[in-house]
Amino acid sequence: MNEKLLEIQHLKKQYGQTVPLKDVNLTVNSGEVISIIGPSGTGKSTLLRMINHLEEATAGKIYLRGEEITSPDCEMSQVRQKIGMIFQSFNLFPHLTVVENIMAAPVALKGLSRQEAYDKAKELLASVGLSAKTFSYPDELSGGQQQRVAIIRALAMEPEILLLDEPTSALDPTMTGEVEAVIRKVAASGATMMMVTHSMELAQRVSTRILYMDEGGIYEEGTPKDIFSRPQKERTRQFIGQLKVLKISIDSQNFDIYGSNADIAAFCQKNDIPVGQARYLMLLLEELCSQILLPRLPDPLINLTAEYSPLEERIMVWLEYNGSPFDIRESDNKLSLKIVQVIADILEYEQREAEPLGNRVLLRVRKRS
Ligand code: ADP
């Protein structure tokens, strides 16, 4: 355990104008189970495919046990034997029986005798409850069974690391459980794994570490608890909470409050946000931005971000603004402040000197009964 297995340095991948990975740096120790989560198109699969050399790096280096596998001198067929990969589609050889599928690579690449490979395959099949399918052909198996075979076929090579690219997403929902059970079992056996998944539940249950990918790299990482219970960065929070986000920017004294109110109404309608909450949001814009802040800011720059969590049915509002330090709770405009205090059941102020918009207010909109 805790031995450095994989090291990725300044990895970049570019496809024409698209640069899904700008600068990825990562160290994976043996025994770690890493889940990679994040919005579509953020390069999660690309990262796995580059580790397995199915894609070439545009720049950067990958080392497996200290050997640079991105080097042109590297014997990739040797390296691939050390890396097992499971795809969304099961990719079994259709013309071979289940047991032959599992035996093929150990015989051809690892020099095992057919008997040794057969014994090993039988053992693996028993471990995932598929002994009865030993001599079946892939098309006689359900999707879940095929994926279980694909996993043990990879394990038969005793890889140093197992890469799984959305292993359950092509499956009928009734079959994800059986495949997830196998993944949990493999994870618990001490295998080193990196898995791209959309299943937050699976990621939480099996992983020792979660990578949240966004903005061209690993945007935030941590234990499942860190990422799912207390994500620190904005985009992670939005992704984890499936938050609906509305942003309003005010950069002039003459900003269009009617237009912004219409944006709030449309946002609330689209996301089924209760009308009362929508009204509170409009009132906040009026009282907090127009009445309290704008008169103080000759060259205003105010960013308002409203995040609605459908799970909690709550709106959080983040307000950032320029100007000298000013806690809105000290405003002379007592009437507007009173209204804001009725609307918000949490109201906090923070000053961040190094930031261009150094004043930050966090508000939670009260629920109306
Ligand atoms: P994710 O797994 O996070 O959904 P991908 O790694 O599949 O993302 O893709 C990242 C981005 O790279 C996407 O914008 C995708 O369109 C682009 N991309 C992936 N593979 C190719 C390719 N072979 N040719 C061109 N663009 C690609």
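As shown above, the structure is provided for reference.
Residues numbered from 1 in each chain as written. Predicted model: local features only at pLDDT ≥ 70, side-chain atom pairs only at ≥ 80, totals over all residues. Heavy atoms only, no water.

Trainee: Please give an account of the overall build of the protein that cites residues and values.
Mentor: In terms of helices and strands, the protein carries twelve helices and 15 strands. On C-alpha atoms alone, the protein measures out to a radius of gyration of 27 Å, which is more than a quarter above the 21 Å that the 2.2 N^0.38 rule sets for 369 residues. Expressed along its principal axes, the backbone C-alpha trace of the protein runs to roughly 85 × 45 × 35 Å. Burial status across the protein gives 50% buried among its 369 residues. Sequence separation of 24 or more characterises 64% of the internal contacts of the protein that already satisfy a separation of 6 or more. Accessible area of the protein: about 17900 Å², with a carbon and sulfur share of 48%. Taken as two groups, the 41 positive and 49 negative side-chain charges of the protein have centres that lie 3 Å from each other. (Helix = DSSP H or I, 4+ residues; strand = E, 2+ residues; numbered from the N terminus. Rg over C-alpha atoms; globule rule 2.2 N^0.38 Å. Buried < 20%, exposed > 50% of the residue type's maximum accessible area, 1.4 Å probe, protein only. Contact = heavy atoms within 4.5 Å. Areas by Shrake-Rupley, 256 points an atom, 1.4 Å probe, with all protein chains shown as cover. Lys, Arg positive; Asp, Glu negative; His and termini not counted. Charge placed at Lys NZ, Arg CZ, Asp CG, Glu CD.)

Trainee: I'd like a rundown of the site of the ligand, residues and numbers included.
Mentor: If you check the shell around the ligand, you find Tyr15, Thr18, Pro20, Pro39, Ser40, Gly41, Thr42, Gly43, Lys44, Ser45, Thr46 and Arg49 and nothing else. Between a nitrogen atom of the ligand and a side-chain N or O atom of Tyr15, the distance comes to 3.3 Å. For the ligand, a nitrogen atom lies 3.5 Å from a polar atom in the side chain of Arg49. For the ligand, whose free accessible area comes to 560 Å², the fraction covered by protein is 60%. Mapped onto the shell around the ligand, the elements with two or more residues apiece are strand 2 (18-29) and helix 1 (44-51). Counting residues per element, the shell around the ligand draws most heavily on helix 1, at four residues. (Near = heavy atom within 4 Å. Polar contact = N/O pair within 3.5 Å; in protein donor to acceptor, adjacent residues only side chain to side chain.)

Trainee: Explain unusual backbone geometry residue by residue, including any values.
Mentor: A negative phi holds for most residues other than glycine; trans holds for most peptide bonds. Of note in this structure, His10 is not a glycine but carries a positive phi near 45°. You can see His10 is positioned in strand 1 (residues 4-15).

Trainee: Summarise the packing of aromatic side chains; cite the residues concerned and give the values.
Mentor: Within this structure, the stated rule accounts for two aromatic pairs. The interplanar angle of 75° and the centroid separation of 5.7 Å between the aromatic rings of Tyr212 and Tyr219 together place this pair among those described as edge-to-face. One exposure class covers both Tyr212 and Tyr219, and it is buried. Pairing Tyr212 with Phe239 gives two aromatic rings, centres 5.3 Å apart and planes at 50°, and the pair type is tilted. Linking Tyr212 in strand 9 (residues 209-214) with Phe239 in helix 9 (residues 234-240), this pair joins segments that are 27 residues apart in sequence. Tyr212 gets classed as buried once you look at its relative accessible area, which sits at 1%. (Phe/Tyr/Trp six-rings, centres within 6.5 Å; stacked < 30°, edge-to-face > 60°.)

Trainee: Describe the side chain of Arg153, and please don't skip the residues or the numbers.
Mentor: Along the polypeptide, Arg153 turns up in helix 5 (residues 143-155). Put simply, Arg153 is tucked away with no salt bridge, and the nearest opposite charge, on Glu100, sits 11 Å away. In this view, Arg153 contacts Phe90, Asn91, Leu92, Phe93, Asn101 and Ile102; residues no more than four positions away in its chain are not counted. (Salt bridge = Lys/Arg side-chain N within 4 Å of Asp/Glu carboxyl O.)

Trainee: Explain the side chain of Glu220 to me, and be specific about the residues and the numbers.
Mentor: Along the chain, the position of Glu220 falls in strand 10 (residues 217-222). Buried charge Glu220 goes without a salt bridge, the closest partner of opposite sign being Lys233 at 6.2 Å. A distance of 2.7 Å separates a polar side-chain atom of Glu220 from the backbone nitrogen of Gln232. A distance of 2.9 Å separates a polar side-chain atom of Glu220 from the backbone nitrogen of Lys233.

Trainee: Tell me about the environment of Gly358, residues and numbers included.
Mentor: Following the sequence through the fold, Gly358 ends up in the loop between strand 14 (344-351) and strand 15 (359-365). With 34 residues separating them in the primary sequence, Gly358 and Ser324 have C-alpha atoms 7.9 Å apart.

Trainee: Let's hear about the pattern of salt bridges: which residues, and what values?
Mentor: Scanning the entire structure with this criterion turns up 22 salt bridges. Across the pair Lys247 and Glu234 runs a salt bridge, and its minimum N-O distance is 3.1 Å. With Lys247 in strand 11 (residues 244-250) and Glu234 in helix 9, this residue pair connects regions lying 13 residues apart in the sequence. Taking relative accessible area as the criterion, Glu234 reaches 34% and is therefore assigned partly exposed. Because the salt bridges share partners, they merge into one network encompassing Glu320, Glu350, Arg352 and Arg360.

Trainee: Quick rundown of the sheet that holds strand 4 (residues 59-64)? Include the residues and the values.
Mentor: Taken in spatial order, the four strands of this open sheet run 2-1-4-5, and their pairing is antiparallel. Every interior strand has two partners, whereas the edge strands, strand 2 and strand 5 (67-68), have only one. Where strand 4 lies against strand 5, two bridges are found, and the strand directions are antiparallel. Along strand 5, the bridge assignment pairs Leu64 with Glu67. (Pairing = 2+ DSSP bridges.)

Trainee: Tell me what's going on with helix 5, and back it up with residues and numbers.
Mentor: The end-to-end C-alpha distance of helix 5 is 19 Å, a good match for the 18 Å that 13 residues give at a rise of 1.5 Å each. Of all 13 residues that make up helix 5, twelve are buried, and the element is covered over most of its length. The complete set of buried residues in helix 5 reads Gly143, Gly144, Gln145, Gln146, Gln147, Arg148, Val149, Ala150, Ile151, Ile152, Arg153 and Ala154. Packing partners of the buried residues in helix 5 comprise strand 6 (83-86), helix 3 (98-110), helix 4 (114-127), strand 7 (161-165) and helix 6 (173-188). (Expected span 1.5 Å × (residues − 1).)

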